[in-house]
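Structural overview for review
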Amino acid sequence: QLRDGGAGPGESEVLAVAKMRKATAVLDDKDARALASGLDVEHVGTVGVLYAAFLRHMLGYQELLTSLERLGKVAWVSPELLAAIIRRAEEMREQ
């Protein structure tokens, strides 16, 4: 049923488990995120996970930048999203 919504087998499994356990799904696929919204499954992308790790002091600022750069080499990430995350991280670092 989930695969009919455009999600692949991996995303479908993530969504099914997240829904069953009332957990947050980590999804980068646009169709899978749309499906998650329709299923009322909380979700976040890899960029969001990295930013959350930075906010929790699990990654330093430079580590965040390096991780985002590495992610950008293996997956497409919106330039606007990257700019927004880096701007927020800079603001948090200055506080």
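Below you will find a few notes about this structure. This structure is a prediction, so every number in the text was calculated from the model and none was measured. Each chain has its residues counted from 1, following the order in which its sequence is written. Under the rules for a predicted model, residues below a pLDDT of 70 receive no local features and side-chain atom pairs below 80 are neither given nor counted, while totals for whole chains, interfaces and linings still include all residues. As a rule here, side-chain values come from all non-hydrogen atoms in the structure, and water together with hydrogens is ignored.

A look at the packing of helix α3 (residues 46–55) against helix α5 (residues 79–94)
Basically, it comes down to this: Helix axes are fitted only over the stretch in contact, all axes being lines through C-alpha atoms; the angle between N-to-C directions runs from 0 to 180 degrees. Secondary structure elements follow DSSP: runs of H or I no shorter than four residues count as helices, runs of E no shorter than two count as strands, and numbering proceeds from the N terminus. Working rule for angles: under 35 degrees goes down as roughly parallel, over 145 as roughly antiparallel, 65 to 115 as roughly perpendicular, anything else as oblique. Residue contacts are counted whenever heavy atoms from the two residues lie within 4.5 Å of one another. Residue polarity follows a fixed list, in which Ala, Val, Leu, Ile, Met, Phe, Trp, Tyr, Cys and Pro are nonpolar, Asp, Glu, Lys and Arg are charged, and the others, Gly among them, are polar.
For the pair α3 and α5, the least separation of the axes is 11 Å and the interaxial angle reads 5°. Our classification of the angle between α3 and α5 gives roughly parallel. Contact residues: Val 47, Tyr 51, Phe 54 and Leu 55 in α3; Leu 81, Ile 85, Arg 88, Ala 89 and Met 92 in α5. Its residues placed into classes, the contact of α3 with α5 shows 8 nonpolar, no polar and 1 charged.

Here we look at α5
Note the threshold: By definition here, a helix of n residues has an expected span of 1.5 Å times n minus one.
For α5, with 16 residues, the first-to-last C-alpha span of 23 Å sits near the 22 Å given by 1.5 Å per residue. If you follow the buried residues of α5, they end up packed against α3 and α4 (61–74).

What about the environment of Glu 90?
Here Glu 90 shows up in helix α5. Spatially, the C-alpha atoms of Glu 90 and Glu 63 are 13 Å apart, while their sequence positions differ by 27 residues.

Observations regarding unusual backbone geometry
A positive phi angle, close to 60°, is found at Asp 40, a residue other than glycine. In this structure, Asp 40 sits in the loop between α2 (30–38) and β2 (43–44). If you check the backbone angles, His 57 has positive phi at about 60° while not being a glycine. As for its position among the elements, His 57 is in the loop between α3 and α4.

Some remarks on the packing of aromatic side chains
Inclusion rule: Each pair of aromatic rings taken from Phe, Tyr and Trp, with Trp reduced to its six-membered ring, is defined by centres within 6.5 Å and is described as stacked if the planes are under 30 degrees apart, edge-to-face if over 60, and tilted in the remaining cases. Buried, partly exposed and exposed residues are distinguished by accessible area as a fraction of the type maximum, computed with a 1.4 Å probe on protein chains only: under 20%, between the cut-offs, and over 50%, respectively. Sitting over a ring, as applied to charges here, requires NZ of Lys or CZ of Arg to be within 6 Å of the ring centre and within 35 degrees of the ring normal.
Inspection of the entire model under this criterion finds 2 aromatic pairs. Seen in terms of ring centroids, Tyr 51 and Phe 54 are 6.2 Å apart; in terms of plane orientation they differ by 25°. Their pairing is stacked. Within this pair, Tyr 51 and its partner Phe 54 are both found in helix α3, separated by 3 residues, close to a single helical turn. Residue classification places Phe 54 among the buried residues on the basis of a relative accessible area of 9%. Both rings, one in Phe 54 and one in Tyr 61, keep their centres 6.4 Å apart while their planes meet at 65°; by these two values the pair is edge-to-face. Assessed through its relative accessible area of 12%, Tyr 61 is described here as buried. In this structure an aromatic cluster arises from ring pairing among Tyr 51, Phe 54 and Tyr 61. Positioned above the aromatic ring of Tyr 61, the side-chain terminus of Arg 93 is 3.8 Å from the ring centre.

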